[in-house]
Amino acid sequence: MLSELSATEMAFLQIAVMQAVAALLWGLGAWLAQAERAALAHWAVYAALSAITWLLLALYFRAPPLALVLIGLCSVIALRRGIRLYIGRPLDWALPALILALAVFAQALGLDAARRPLQAVINFGTLALLYLSTAWDLRRHAHEDLHWRFPLLLSLPLLLGGLAFAGRALRALLAPESVAAEMNVPSALNVGSALSYIVLVLLLHATLMALVVSRLLGRLQHLARRDPLTGLLNRRAMHAALDEHARRRRRVADTFSVLMIDVDHFKSVNDRHGHEAGDRALTHLSRLMTQALRQQDRVGRFGGEEFLVLLPSADLARARADAEILRLQVRSQPLPLADQLLHLSVSIGVAEWAGPAEDLSRLLARADAALYRAKAGGRDRVEADVGDAGELRAQAAG
């Protein structure tokens, strides 16, 4: 039977096999990946429906069933919905409903040869619209969420597919006599389109895999930079943020400050209420600090019950004021436990970067010294380091 198939039909059959394999792989992925199950299941449905479409087209190329176009459109709609689910775009019903209505209208025209060009314009045009709208979604995701330098690369397979279908629709509109000659015969156009579609299918699944891999890498990077209990930046990530910020401030001649924060009497919290209450206290404090600070500020867990805050463009006076606000925020919002309120307080040391002449380790040491003065002075207070910042600036100027 296979020997009787034309080159076009064989190409269609190859696409069907490829999509069937892809459907199995995406179905397996949906079963394993609980967080992305809905999106990956849509991609599995897309590949399965696409496999059915191309199989029917290979078997009934000269007299395709009317349902074939509807199955093909439903496959691309499933692809589009899956991508929107994966990248967090809202699901819309208007465009898919309009496209399906147009497809039903096109099939209702029947098999009259005189109406085949109009059917081709509608069928290819709706496919082009679906592909191009999905390409636009991917480009926005690459630009706004992934911050790719060349966001068009992520949407390129869908863009090329949409342009190809748009070209077929335009050809049917401008040269309707070509439809009868080329639609259901093994023409060079159909063979070339099928071979091109094989490449596009491979690129499309590679694009979907790129979405999955980029998210996995993002999660790994997040885990490597974040404290698992509080979700704040960890010690390594805070050091990296300080290094990067210092490099930028050297270029623009700006300043910044740091806050070294320690939870007062934290050992007694663990001893009296248990380590679970201690973990809840750290999470509670992390949330309060995140709420009290500005969006551009960086806060991290520096170790145990100690936290470090980076305040960009903040001089010593501004940093001390922010630290005082933070101290009062913690004091005024106790942590509710099962049978009581756990009142917490923090001691804070403040230090302003002295400029390019100061090493970051020295800046942190000055903030740490100010923190210990706050603890020695009775805790629940803010102390600012004013010792050698002016001297270091004078050295840098000289």
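Just so you know, these numbers come straight off a predicted model, no measurement behind them. (Residues numbered from 1 in each chain as written. Predicted model: local features only at pLDDT ≥ 70, side-chain atom pairs only at ≥ 80, totals over all residues. Heavy atoms only, no water.)

### Quick notes on the overall build of the protein
Each helix and strand counted, the protein has 14 helices and seven strands in total. Radius of gyration (C-alpha) of the protein: 31 Å, far over the 21 Å computed for a compact globule of 398 residues. Here the C-alpha coordinates of the protein stretch approximately 95 × 60 × 35 Å along the principal axes. The contacts of the protein with a sequence gap of at least 6 include a subset with a gap of at least 24, amounting to 71%. If you sum the accessible surface of the protein, you get close to 19900 Å²; carbon and sulfur atoms cover 62% of it. The protein carries 42 positive and 35 negative side-chain charges, and their two centres are separated by 4 Å. (Helix = DSSP H or I, 4+ residues; strand = E, 2+ residues; numbered from the N terminus. Rg over C-alpha atoms; globule rule 2.2 N^0.38 Å. Contact = heavy atoms within 4.5 Å. Areas by Shrake-Rupley, 256 points an atom, 1.4 Å probe, with all protein chains shown as cover. Lys, Arg positive; Asp, Glu negative; His and termini not counted. Charge placed at Lys NZ, Arg CZ, Asp CG, Glu CD.)

### Looking at the pairing of strand β2 (residues 298-303)
Here five bridges tie β2 to strand β3 (residues 306-312), and the two strands are oriented antiparallel to one another. The partner of G303 across the bridge, within β3, is E306. (Pairing = 2+ DSSP bridges.)

### Focus on the environment of T134
With respect to the helices and strands, the residue T134 is situated in helix α5 (residues 116-145). A C-alpha to C-alpha distance of 8.5 Å links T134 and L79, two positions 55 residues apart in sequence. Aside from chain neighbours lying at most four places away, what touches T134 is R80, I83 and L158. Polar contacts involving the side chain of T134 include one to the main-chain carbonyl oxygen of L130, which spans 2.7 Å. (Polar contact = N/O pair within 3.5 Å; in protein donor to acceptor, adjacent residues only side chain to side chain.)

### What about the packing of aromatic side chains?
Counted by the stated rule, this structure contains eight aromatic pairs. Between Y131 and F165, the aromatic rings sit 5.4 Å apart at their centres with planes inclined by 40 degrees, giving tilted as the arrangement. Remark: F165 occurs in helix α6 (residues 152-174) and Y131 occurs in helix α5; sequence separation between them is 34 residues. Of the two residues, Y131 and F165, neither departs from the other in class, the shared state being buried. These aromatic residues form a ring-pair network of at least three members: F12, W54, F124, Y131, F165 and Y197. Note that R215 overlies the ring of Y86, its terminal NZ or CZ placed 3.9 Å from the centroid. Residue placement shows R235 over the ring face of F302; its charged tip is 4.0 Å from the ring centre. (Phe/Tyr/Trp six-rings, centres within 6.5 Å; stacked < 30°, edge-to-face > 60°. Buried < 20%, exposed > 50% of the residue type's maximum accessible area, 1.4 Å probe, protein only. Lys NZ or Arg CZ within 6 Å of the ring centre and 35° of its normal.)

### Focus on the pattern of salt bridges
In this structure the tally under the stated criterion is 21 salt bridges. Of the charged contacts, one joins R219 and E36 as a salt bridge, the two residues approaching to 2.4 Å between their closest N and O atoms. Residue R219 is found in helix α8 (residues 188-225), and its partner E36 is found in the loop between α1 (7-32) and α2 (37-59); the two are separated by 183 residues along the sequence. The partly exposed category is assigned to R219, whose relative accessible area is 38%. The buried category is assigned to E36, whose relative accessible area is 10%. The structure contains a network of salt bridges with shared partners spanning R80, R84, D92 and D137. (Salt bridge = Lys/Arg side-chain N within 4 Å of Asp/Glu carboxyl O.)

### Things to note about the confidence of the model for the protein
Confidence along the protein averages 86 in pLDDT terms, with 90% of residues attaining 70 or more. Per-element averaging of pLDDT across the protein places helix α14 (residues 389-397) at the bottom with 46 and strand β6 (residues 346-352) at the top with 95. (pLDDT = per-residue confidence, 0-100.)

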